[in-house]
Amino acid sequence: MHSWTALSREDHAKSHWRPRSGFTFAAQQQIVPVILAELAKMLPHYPLGFVKNESDTYQAVALVGLGGERNLYVDDGSKWLCSYVPAILRSYPFALQKDSAENAVLCIDRDFICDDAAFPRLFEDNGELEVKTSEVLQFVSQCEQNRQLTNTASDALATAGVIEPWPISVERGENEPPLKINGMHRVNEEALNKLDAEALGGLRTSGALALAYAQMYSTAQIEQLTK
């Protein structure tokens, strides 16, 4: 689990931070949240789907594991085995988190805070974010804005009634029962095709139609994930 702490000019005025080295932090993840802005880059490499949140809404994700605690896209040397790394992972060890007032604040995994002057500072002497920290804030803010659009698109698909459970079954060879993956959802192509022009137009406007087709086309990547 990550130990997020909000950046503070008072607490971190002289602090430095260590950039991540590899993807050990994601080595046990089975799914990774995705956003609309990266669909085209995700599509050739990852099976995409939806998972249901505690709030009973759907979140768009990439499937990166087949059960257990192993992310199949991270090798033993902590290298990511794909030419495109999802945006949410590239921002680590930073992330936007909600504070007690539900405001988004820039946080860092406290394990990456240090006093080593060889690493970048979090803040300048004048209290402003250091250049690299400011660039991270801009990146995660853009991702968060697009995530809200992605959530709206997922909600639109759910409202249209085209999301259904996705029973994934992976063959494991002779004398081995298929591996069952539970909890994933997909777009029902038949239900999508039955929508009238007005409903489809609404999905197109919200970006939901692009998300739907990306999810359906991406199912071919289950074979790549299995390999």
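Values in this document were obtained by computation on a predicted structure and should not be read as measured data. Numbers given for residues are sequential positions, taken from 1 along each chain in its written order. Whole-chain, interface and lining totals are the exception, using all residues; otherwise, since this is a predicted model, local features are given only for residues with pLDDT of at least 70 and side-chain atom pairs are given and counted only at 80 or more. Where side-chain values are given, they derive from all heavy atoms of the structure, hydrogens and water being excluded.

### Quick word on the overall build of the chain
Here comes step 1: Secondary structure elements are taken from DSSP: a helix is a run of H or I of four residues or more, a strand is a run of E of two residues or more, and numbering for both begins at the N terminus. Helices and strands together make up the secondary structure of the chain, namely seven helices and 12 strands.
Here comes step 2: Dimensions of the chain along its principal axes, counting C-alpha atoms only, are 60 × 50 × 30 Å.
Here comes step 3: A burial count over the chain gives 42% of its 227 residues as buried.
Here comes step 4: Only the protein chains shown count as cover for residues, with accessible areas throughout obtained via the Shrake-Rupley method and a probe of 1.4 Å. On the chain, roughly 12600 Å² of surface is accessible, and the fraction owed to carbon and sulfur atoms is 48%. Categorising residues by exposure relies on relative accessible area from a 1.4 Å probe, with only protein chains included: less than 20% of the type maximum marks a residue as buried, more than 50% marks it as exposed, and the intermediate range marks it as partly exposed.

### Quick word on helix H5 (residues 197-206)
Along an α-helix, residues three or four apart share an orientation, since each turn contains 3.6 residues.
Here comes step 1: With a side-chain oxygen positioned 3.3 Å from the backbone nitrogen of Glu198, the residue opening H5 is Asp196.
Here comes step 2: The positive-phi residue at the C-terminal boundary of H5 is Gly207, with phi of around 85°. Between N or O atoms, a polar contact is any pair within 3.5 Å; within protein, one atom must be a potential hydrogen donor and the other a potential acceptor, and residues adjacent in sequence are included only when both atoms are from side chains.

### Section: helix H6 (residues 208-218)
Here comes step 1: Judged by how many residues are buried, H6 sits mostly within the fold: eight of 11 residues are covered.
Here comes step 2: What H6 keeps buried is the set Ala208, Leu209, Leu211, Ala212, Ala214, Gln215, Met216 and Ser218.

### Notes on the sheet that holds strand E7 (residues 104-109)
Here comes step 1: Reading across from one edge, E1-E7-E6 is the order of the three strands in this open sheet, with antiparallel pairing throughout. The sheet is open, and its two edges are formed by strand E1 (4-6) and strand E6 (94-98), each paired on a single side. The sheet shows a mean angle of 50° between the axes of neighbouring strands, taken without regard to direction.
Here comes step 2: Bridge count between E6 and E7: five bridges; the pairing is antiparallel. Note on E7: the bridge partner recorded for Phe94 is Ile108.
Here comes step 3: Strands in contact with helix H3 (residues 131-159) are E6 and E7; relative to E6, the strand with the most contacts, it is inclined by about 55°. Being paired, for any two strands, means DSSP has found at least two bridges between them. All axes are obtained by fitting lines to C-alpha atoms, using only the stretch in contact for helices, and the reported angles, taken between N-to-C directions, cover 0 to 180 degrees. Any two residues having at least one pair of non-hydrogen atoms within 4.5 Å are treated as being in contact.

### Brief notes about the pairing of strand E4 (residues 48-52)
Here comes step 1: Counting buried residues along E4, four of its five residues qualify, which places the element largely inside the surrounding structure.
Here comes step 2: Where E4 meets strand E5 (residues 58-63), five bridges bridge the pair, whose relative direction is antiparallel. Across the sheet, the residue bridging to Leu48 is Ala62, located in E5.
Here comes step 3: Connecting E4 to the next strand, E5, in antiparallel fashion are five residues, including Asp56 with a positive phi near 70°.

### Remarks on the nonpolar core
Here comes step 1: Remark: nonpolar core denotes a set of buried residues (Ala, Val, Leu, Ile, Met, Phe, Trp, Tyr, Cys) joined through side-chain atoms within 4.5 Å. Of all hydrophobic cores here, the largest spans 61 residues; its most connected members are Tyr46, Trp80, Leu157 and Leu192.
Here comes step 2: It is H6 that provides the largest number of residues to this core, a total of six residues.
Here comes step 3: Non-local contacts of Leu157, meaning those with residues more than four positions away in its chain, are made with Phe50, Val162, Ile163, Val187, Leu203, Ala208, Leu211 and Ala212.

### Observations concerning the environment of Ile222
Here comes step 1: If you trace the backbone, Ile222 turns up in helix H7 (residues 222-226).
Here comes step 2: With 219 residues separating them along the chain, Ile222 and Ser3 place their C-alpha atoms 32 Å apart.
Here comes step 3: In this structure, Ile222 is in contact with Pro47, Leu63, Trp166 and Ile168, ignoring residues within four places of it in sequence.

### A closer look at the pattern of salt bridges
Here comes step 1: Salt bridges are defined by distance alone: a side-chain nitrogen of Lys or Arg within 4 Å of a carboxyl oxygen of Asp or Glu. According to the stated counting rule, one finds six salt bridges in the structure shown.
Here comes step 2: Asp56 serves as the salt-bridge partner of Lys52, at 3.5 Å between the closest nitrogen and oxygen.
Here comes step 3: Residue classification places Lys52 among the partly exposed positions, given a relative accessible area of 41%.
Here comes step 4: Looking at Asp56, the relative accessible area reads 53%, which means it is exposed.
Here comes step 5: Notably, a salt bridge pairs Arg147 with Glu144, separated by 3.9 Å at the nearest N-O pair. Taken as a pair, Arg147 and Glu144 lie in helix H3 at a separation of three residues, close to a single helical turn.
Here comes step 6: For Arg147, a relative accessible area of 14% gives the class buried.
Here comes step 7: Here the salt bridges do not stand alone but share partners, grouping Lys14, Arg121 and Asp125 into one network.

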